[in-house]
Amino acid sequence: MSWFKRDKGDDDKLPKLTDQERRVKTEGLWQKCEGCRQIIWKKDLEANWNVCTKCGAHSRIDAFTRLKLLLDEGEFTRYDSTLRSNDPLGFVDSKPYSERLRGMQNATNLCDAMIAAEGLLAGRKVQICAMEPKFIGGSMGSVVGEMIMRAIERAIAGREPLIIVSASGGARMQEGAVSLMQMAKISAGLMRLDESRLPYISILTDPTTGGVTASYAMLGDLNIAEPGALIGFAGPRVIEQTIRQKLPEGFQRSEFLLKHGMLDEVVPRLELKQYVATALRFFVD
Amino acid sequence: MEGVNSPENFDGVTVPGGNAAWRRVQLARHPKRPHSLDYIGRIFQDFQEIHGDRNFGDDPAIVAGLAHFEGRPVLIVAEQKGRDTKQRFFRNFGMPKPEGYRKALRVMQMASKFGRPIITFLDTPGAYPGIDAEERGQAEAIARNLREMARLSVPVVVICIGEGGSGGALALGVGNTVLMLENAVYSVISPESCAAIIYRDSAKAEQAAAALRLTAEDLKSLGLIDGIIPEPAGGAHEDHDAAAESLRTHLSARLSELDSLSADQIVEHRYEKFRRMGNFFA
């Protein structure tokens, strides 16, 4: 005979939990660190800009938080925040791309996978673009391409430095060759910035792959990355399928790229602003 | 070569079928389709290959060389696939590595220095996805080419002759004029990979091919290329000579269009063209 008995009839009398309530009750307060698997009080994690207080692992932050981290007083003026893709291919997969876009726009409060802004970094006016990794994988289509181009043009017109924080799976498949050509368009813009002798600092965060790495993310006067970020051209799964063997530990992580000469430095998130400020003094003063 | 034109004689390759876009993909990859060197031999004179990136090695997936086109010196940079098994391995199935893109950039900057027009042929499934390529900076090599091609002060004519495989093709694709052969395709991702990601089933490649809008007509209507070069009936593989002749006449016309532009105008012309590309937002 058991000590406790479950009375099945009672379940129906209890108030039903909606999915929303369930999530609030179970997932709201604690978070498991991807690095050390420890449970962390979520507010502590957020206060530390999503860097684990126990092991230092960097988990992703959204574009808004990124700008607050880097800009003085967390203040900035946004540009082109209402640009929306008009679905040039009429692309349909599990659902129409236009519907997917609308869903993402509602979920993130952004029109596409980037915030373009202007603000002060250690007292110096900069043009800055931060990618939003949650918006269709932070993928780059015609809107991201245009936002960066306009940021470059503002930088040239005002003779200000450009900073782009990448967090992206690459070119946006749903815009086909249109998104592919954004790579050439942005890179041509960066050629103009280069000719104007204005600094461009590329900050690579987890993840930066595909067409974003193979265009603007690798073209900074300085390319710096956060620790442990996945950075590469081909995705790890594609490479495994091609060579049919397991990839070595740490392959395509920031530290791997640093060792192979692709990055100037790996900089922890909490030191990022100071690092960029010091670099800008070299370039501009 | 008797019966080569009949559909049942495709070297064991499935006969092109399915939707129109997928048929194009099959034609673009057809084993008998002319590759870069097939065109180079027919269109150019005095071709002399030049090798190496002066840094790591020479990549056989990209062929570069000095040549004459209708009496004038030009530089050729071309992605090259192999025909038989041995050649395919040698050319790494037309998938360039960073040293290939760096060789291409080195020779294009040389041509720019001496005021010689550049002609590039795109024909690759994509840049090579491998450990060594990543270690040597595949992404950096492609990115640098995109930026530096924008700076070249000589006319650049790009012709996609078969597979325009994403960034691996675009790394040689920043031209004043970009043309595609009628049955070539140009895409951000292969239909197979697209299907694997979106439909979680690479067998739905046919469906993905149509969705990606990757045919020459599609790219033309999206304003991403400047023109389409017609192929002989049935496709370029049916008659290499006729395909080459068609390519030659179009190249000749396009190259002379650019002749009147000064070095500064050439850079400006190329920049303006890419600046306007993909204005699909509101």
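Remember, it's a predicted structure, so these values are computed and weren't measured experimentally.

(A) Molecular detail of the overall build of chain A. Looking only at helices and strands, chain A features 11 helices and nine strands. When its C-alpha atoms are laid out on the principal axes, chain A stretches across 85 × 45 × 45 Å. Across the 285 residues of chain A, 52% fall into the buried class. Taking the contacts inside chain A whose residues are at least 6 apart along the sequence as the reference set, 66% of them involve residues at least 24 apart. Roughly 13800 Å² of accessible area belongs to chain A as shown, and the carbon and sulfur atoms make up 50% of that amount. Mean positive and mean negative side-chain charge positions of chain A (39 and 37 charges, respectively) differ by 4 Å.

(B) Summary view of the pairing of strand E2 (residues 62–69) of chain B. All names here are of chain B. Burial analysis of E2 places six of its eight residues in the buried class, the great majority of the element. The sheet contact formed by strand E1 (residues 45–50) and E2 spans four bridges and is antiparallel. Opposite Ile50, over in E2, you have Ala64 as the bridge partner. Summarising the sheet, E2 and strand E3 (residues 72–79) pair through eight bridges and their orientation is antiparallel.

(C) Local environment of helix H2 (residues 36–43) of chain B. Along H2(B), the residues classified as buried are B:Ser36, B:Tyr39, B:Ile40 and B:Ile43. The buried residues of H2(B) occupy an angular sector of 100° when the element is viewed end-on, so they sit on one face.

(D) Representation of a nonpolar patch on the surface in the model. Where nonpolar side chains cluster on the molecular surface, the patch consists of A:Leu29, A:Trp30, A:Ile39 and A:Trp41 and spans about 430 Å² of accessible area. By the secondary structure assignment, A:Ile39 is in strand E2 (residues 39–41).

(E) The arrangement of the interface of chain A and chain B in detail. Listed by partner, the interface residues are 57 residues for chain A and 48 residues for chain B. Summed over both partners, the interface of chain A with chain B buries about 4500 Å², with 71% contributed by carbon and sulfur atoms. If you sort the residues of chain A by the area they bury against chain B, A:Met173, A:Met181 and A:Phe233 come out on top, with a joint share of 15%. Our count for the contact surface shared by chain A and chain B stands at five salt bridges. Residues A:Arg192 and B:Glu268 are paired through a salt bridge, measuring 2.9 Å at the closest nitrogen-oxygen approach.

(F) Highlighting unusual backbone geometry. With an omega of -10°, the peptide bond between A:Asp206 and A:Pro207 qualifies as cis. Along the chain, A:Pro207 falls in strand E7 (residues 200–208). Residues other than glycine seldom take positive phi values, yet B:Asp46 does so here, at roughly 55°. Here B:Asp46 lies in strand E1. You can call B:Asp46 exposed: its relative accessible area is 56%. Positive phi is not limited to glycine here, since B:Glu70 has a value of about 50°.

(G) Summary view of the pattern of salt bridges. Residue and element names in this part refer to chain A. Within the structure shown, the criterion is met by 43 salt bridges over all chains. The partner of Asp80 in a salt bridge is Arg150, and the shortest N-O contact between them spans 3.0 Å. In this pair, Asp80 is assigned in the loop between strand E3 (77–79) and helix H5 (97–108) and Arg150 in helix H6 (residues 142–158), connecting sequence segments 70 residues apart. Judged by its relative accessible area of 27%, Arg150 is partly exposed.

(H) A look at helix H12 (residues 263–275) of chain B. An ideal rise of 1.5 Å per residue puts 18 Å on 13 residues; H12(B) measures up with 18 Å between its terminal C-alpha atoms. Within H12(B), the full set of buried residues consists of B:Ile266, B:Val267, B:Arg270, B:Tyr271, B:Lys273, B:Phe274 and B:Arg275. Those residues of H12(B) hidden inside the fold are in contact with H6 and helix H7 (176–195) of chain A together with helix H6 (138–149), strand E5 (156–165), strand E6 (177–181) and helix H11 (240–258) of chain B.

(I) Highlighting the packing of helix H4 (residues 98–113) of chain B against H6(B). Residue and element names in this part refer to chain B. Put simply, H4 and H6 touch, their axes get as near as 8 Å, and they point 20° apart. Comparing the axis directions of H4 and H6 gives the class roughly parallel. Here H4 runs over H6; the crossing is left-handed. Here Pro98, Tyr101, Arg102, Ala104, Leu105, Met108 and Gln109 of H4 lie close against H6, whose contacting residues are Gln138, Glu140, Ala141, Ile142, Arg144, Asn145, Glu148 and Met149. For the contact of H4 with H6, the residue count by class is eight nonpolar, three polar and four charged.

(J) Region of the structure containing the side chain of A:Arg154. Residues and elements named next belong to chain A. Mapped onto the fold, Arg154 is located in helix H6. Given a relative accessible area of 16%, Arg154 falls into the buried group. Those residues in contact with Arg154, other than ones at most four positions away along the chain, are Tyr79, Asp80, Ala116, Gln127 and Glu160.

(K) Just the packing of aromatic side chains, in detail. For the coordinates displayed, the defined rule picks out eight aromatic pairs over all chains. Ring centres 5.0 Å apart and planes at 70° place the aromatic pair A:Trp30 and A:Trp41 in the edge-to-face group. Of this pair, A:Trp30 sits in strand E1 (residues 30–32) while A:Trp41 sits in strand E2; the two residues are 11 residues apart in sequence, bridging distant segments of the chain. Using a relative accessible area of 49% as the deciding quantity, one classes A:Trp30 as partly exposed. Summarising the aromatic geometry, the rings of B:Tyr39 and B:Phe121 are spaced 6.2 Å apart at their centres and angled 65° between planes, so their arrangement reads as edge-to-face.

Conventions and cut-offs
- Residues numbered from 1 in each chain as written.
- Chains lettered and ligands numbered in written order.
- Predicted model: local features only at pLDDT ≥ 70, side-chain atom pairs only at ≥ 80, totals over all residues.
- Heavy atoms only, no water.
- Helix = DSSP H or I, 4+ residues; strand = E, 2+ residues; numbered from the N terminus.
- Buried < 20%, exposed > 50% of the residue type's maximum accessible area, 1.4 Å probe, protein only.
- Contact = heavy atoms within 4.5 Å.
- Areas by Shrake-Rupley, 256 points an atom, 1.4 Å probe, with all protein chains shown as cover.
- Lys, Arg positive; Asp, Glu negative; His and termini not counted.
- Charge placed at Lys NZ, Arg CZ, Asp CG, Glu CD.
- Pairing = 2+ DSSP bridges.
- Arc of directions from axis to C-beta.
- Patch = residues over 30% accessible without salt bridge, like charges linked within 9 Å, V, L, I, M, F, W, Y side chains within 5 Å.
- Salt bridge = Lys/Arg side-chain N within 4 Å of Asp/Glu carboxyl O.
- Buried area = accessible area lost by both parts, 1.4 Å probe.
- Expected span 1.5 Å × (residues − 1).
- Axes fitted to C-alpha atoms, helices over the stretch in contact; angles between N-to-C directions.
- Parallel < 35°, antiparallel > 145°, perpendicular 65-115°, else oblique.
- Left-handed = near helix turned anticlockwise from the far one by under 90°.
- Nonpolar A, V, L, I, M, F, W, Y, C, P; charged D, E, K, R; others polar.
- Phe/Tyr/Trp six-rings, centres within 6.5 Å; stacked < 30°, edge-to-face > 60°.

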